[in-house]
Amino acid sequence: MKQPLTIPQIDFKREELEKDAFALRVDHAQPNVNIQDRINEAFLQLRNIFQDIRKEGKIQLEKIVLIKAKVAPVIAVAAMNPDIYSFDELHADNEYTYRHNIGVGIIATYLGMKLGFSKENLSALTFEVMLHDVGKTRISDSILEKPGKLNEAEYEDMKRHAIYGYELLKNFPGIPPSIDCINSPPAP
């Protein structure tokens, strides 16, 4: 059984995280642009990527590169202070999926930092959560944007989004094998 961390070990890990956080801010921060603006830009980029995947029916390498280069760094910076993200925006419009992915990314990255993930594992986690709902690109807009409760058939289709995501990602080069849905697809 793993021993709990001592106070000095926790302090050391916190200092290391703060160093990594500073490095992320220095590497990726855009001067004179506040983090909320950068989160909104990341949201728009993620929405456009998902819409392209919907149109093309598959994931293109340049979309993966864009997520890693433009969206994931913003999530990493926002995770330094997750209080700045307004989770109220999740229900503000019909673009829930994209805003949800940003929120999940911030929370997952924040938790990964608090759990002491290595920089490499934290980066992989941030990237992976950006794709956790990619299967929704195969769900019709009428279901995704339905204001009320889904009927049984719609609900069954919505539950398939994890399988659709698996199908989109399973043979894609460059997707880390640590994405659980790649290793074991969910049961229908």
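Residues numbered from 1 in each chain as written. Predicted model: local features only at pLDDT ≥ 70, side-chain atom pairs only at ≥ 80, totals over all residues. Heavy atoms only, no water.

Asker: Give a detailed account of the overall build of the protein, specifying residues and quantitative values.
Answerer: For the protein, the helix and strand inventory stands at 9 helices and 0 strands. Shown N-terminal to C-terminal, the secondary structure of the protein runs as helices and strands in the order α-α-α-α-α-α-α-α-α. In the protein, the proportion of contacts linking residues at least 24 apart, taken out of those at least 6 apart, comes to 72%. Accessible surface for the protein amounts to roughly 11200 Å². Of this, 55% is attributable to carbon and sulfur atoms. (Helix = DSSP H or I, 4+ residues; strand = E, 2+ residues; numbered from the N terminus. Contact = heavy atoms within 4.5 Å. Areas by Shrake-Rupley, 256 points an atom, 1.4 Å probe, with all protein chains shown as cover.)

Asker: Go over the packing of aromatic side chains with me, naming the residues and quoting the values.
Answerer: What describes a pair of aromatic rings is the distance from one ring centre to the other and the angle between the planes of the rings. Under the counting rule described, the total for this entry stands at 0 aromatic pairs. Across from the ring centre of Phe-127, 4.8 Å away, lies the NZ or CZ of Lys-68, which sits over that ring. (Phe/Tyr/Trp six-rings, centres within 6.5 Å; stacked < 30°, edge-to-face > 60°. Lys NZ or Arg CZ within 6 Å of the ring centre and 35° of its normal.)

Asker: Describe in detail the environment of Ile-163, supporting the description with residues and values.
Answerer: Within the secondary structure, Ile-163 is located in helix 8 (residues 161-169). Assessed through its relative accessible area of 17%, Ile-163 is described here as buried. Linking Ile-163 and Val-134, residues 29 residues apart in sequence, is a C-alpha distance of 10.0 Å. (Buried < 20%, exposed > 50% of the residue type's maximum accessible area, 1.4 Å probe, protein only.)

Asker: Can you lay out the side chain of Lys-63 for me, pointing to particular residues and giving the numbers?
Answerer: Tracing the sequence through the fold places Lys-63 in helix 3 (residues 61-78). Exposure remark for Lys-63: the relative accessible area of 14% places this residue in the buried category. Residues within four places of Lys-63 in sequence aside, it is in contact with Ile-49 and Asp-52.

Asker: Go over helix 5 (residues 119-130) with me, naming the residues and quoting the values.
Answerer: In this model helix 5 runs 17 Å from its N-terminal to its C-terminal C-alpha over 12 residues, within 8% of the 16 Å that 1.5 Å per residue would give. Along helix 5, the positions that sit buried rather than exposed are Leu-122, Leu-125, Thr-126, Phe-127, Glu-128, Val-129 and Met-130. Looking at the buried positions of helix 5, the neighbouring elements they touch are helix 2 (35-56), helix 3 and helix 4 (96-114). (Expected span 1.5 Å × (residues − 1).)

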